[in-house]
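The chain contents come next:
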Amino acid sequence: MSLNDIPLTTLDGKPTTLAELASGAVLVVNVASKCGLTPQYTALEKLAQDYAARGLTVVGVPCNQFMGQEPGTAEEIQTFCSSTYGVTFPLLAKTDVNGADRHPLYTELTKATDAAGEAGDIQWNFEKFLLAPGGAVANRFRPRTEPDAPEVIEAIEAILPS
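Going by the annotation in an unreviewed UniProt entry, the name recorded for the chain is Glutathione peroxidase, with Mycolicibacterium neworleansense given as the source organism. Recorded under Sequence similarities (unreviewed entry), the UniProt text for the chain is reproduced unchanged: "Belongs to the glutathione peroxidase family."

Attention shifts here to the packing of aromatic side chains. Following the criterion strictly, the structure yields 6 aromatic pairs and no others. With centroids separated by 6.2 Å and ring planes inclined at 80°, the aromatic side chains of Tyr-106 and Phe-129 adopt a geometry described as edge-to-face. Here Phe-129 lies in strand 5 (residues 128-131) and Tyr-106 lies in helix 3 (residues 104-109), a separation of 23 residues in the sequence. Aromatic rings pair up to connect Tyr-41, Phe-80, Tyr-85, Phe-89 and Phe-126 into one cluster.

Its location among the elements puts Lys-128 in strand 5. Here Lys-128 sits buried without a salt bridge, and the closest side chain of opposite charge, Glu-146, lies 7.0 Å off (N-O distance). At 2.4 Å, the side chain of Lys-128 forms a polar contact with the backbone oxygen of Phe-126. Within the structure, the side chain of Lys-128 is placed 3.3 Å from the backbone oxygen of Pro-143, a separation counted as a polar contact.

A word on the environment of Val-61. By the element assignment, Val-61 lies in strand 4 (residues 56-62). When the C-alpha positions of Val-61 and Phe-126 are compared, they lie 9.1 Å apart, and in sequence the two are 65 residues distant. Sequence-distant contacts of Val-61, that is, excluding residues within four places in its chain, are made with Val-28, Val-29, Asn-30, Val-31, Leu-92, Ala-93, Thr-95 and Tyr-106.

Rules behind the numbers
Residues numbered from 1 in each chain as written. Predicted model: local features only at pLDDT ≥ 70, side-chain atom pairs only at ≥ 80, totals over all residues. Heavy atoms only, no water. UniProt positions renumbered as here; feature names shortened; annotations may be inferred. Phe/Tyr/Trp six-rings, centres within 6.5 Å; stacked < 30°, edge-to-face > 60°. Helix = DSSP H or I, 4+ residues; strand = E, 2+ residues; numbered from the N terminus. Buried < 20%, exposed > 50% of the residue type's maximum accessible area, 1.4 Å probe, protein only. Lys, Arg positive; Asp, Glu negative; His and termini not counted. Salt bridge = Lys/Arg side-chain N within 4 Å of Asp/Glu carboxyl O. Polar contact = N/O pair within 3.5 Å; in protein donor to acceptor, adjacent residues only side chain to side chain. Contact = heavy atoms within 4.5 Å.

Structure below.
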């Protein structure tokens, strides 16, 4: 099954897939509101704004699997993200990214390797997967890699039209 065909649910409960974004690049990030890495929302929103015209969409995937750092309801998550960080990019429903209830999206994403050649479980909140136009995983960035780090920007630039 292609990443683009996996059924997803938006934060407000509507069914969706990544297929509607397949003509551009997508940065999929598991997010949390009460994490030390939560300030990455600022750089994620800036990426979303700066690269939207060239076809990049950031997609946030709230996850409560790491020390309960995303405990809120969908409405609380949306309010926090928009009022605290001005997030305008799409957010999906709260999702398990590891374990027995891992969402099929993450079953596929975790097969991708990072810069060190390692695949497998999501390490923590704010792990990033850059999908090329068409939906293939182009890069995997671990949680502490900032969204505006040179290697992330270079990877985005490499797959977007100029």
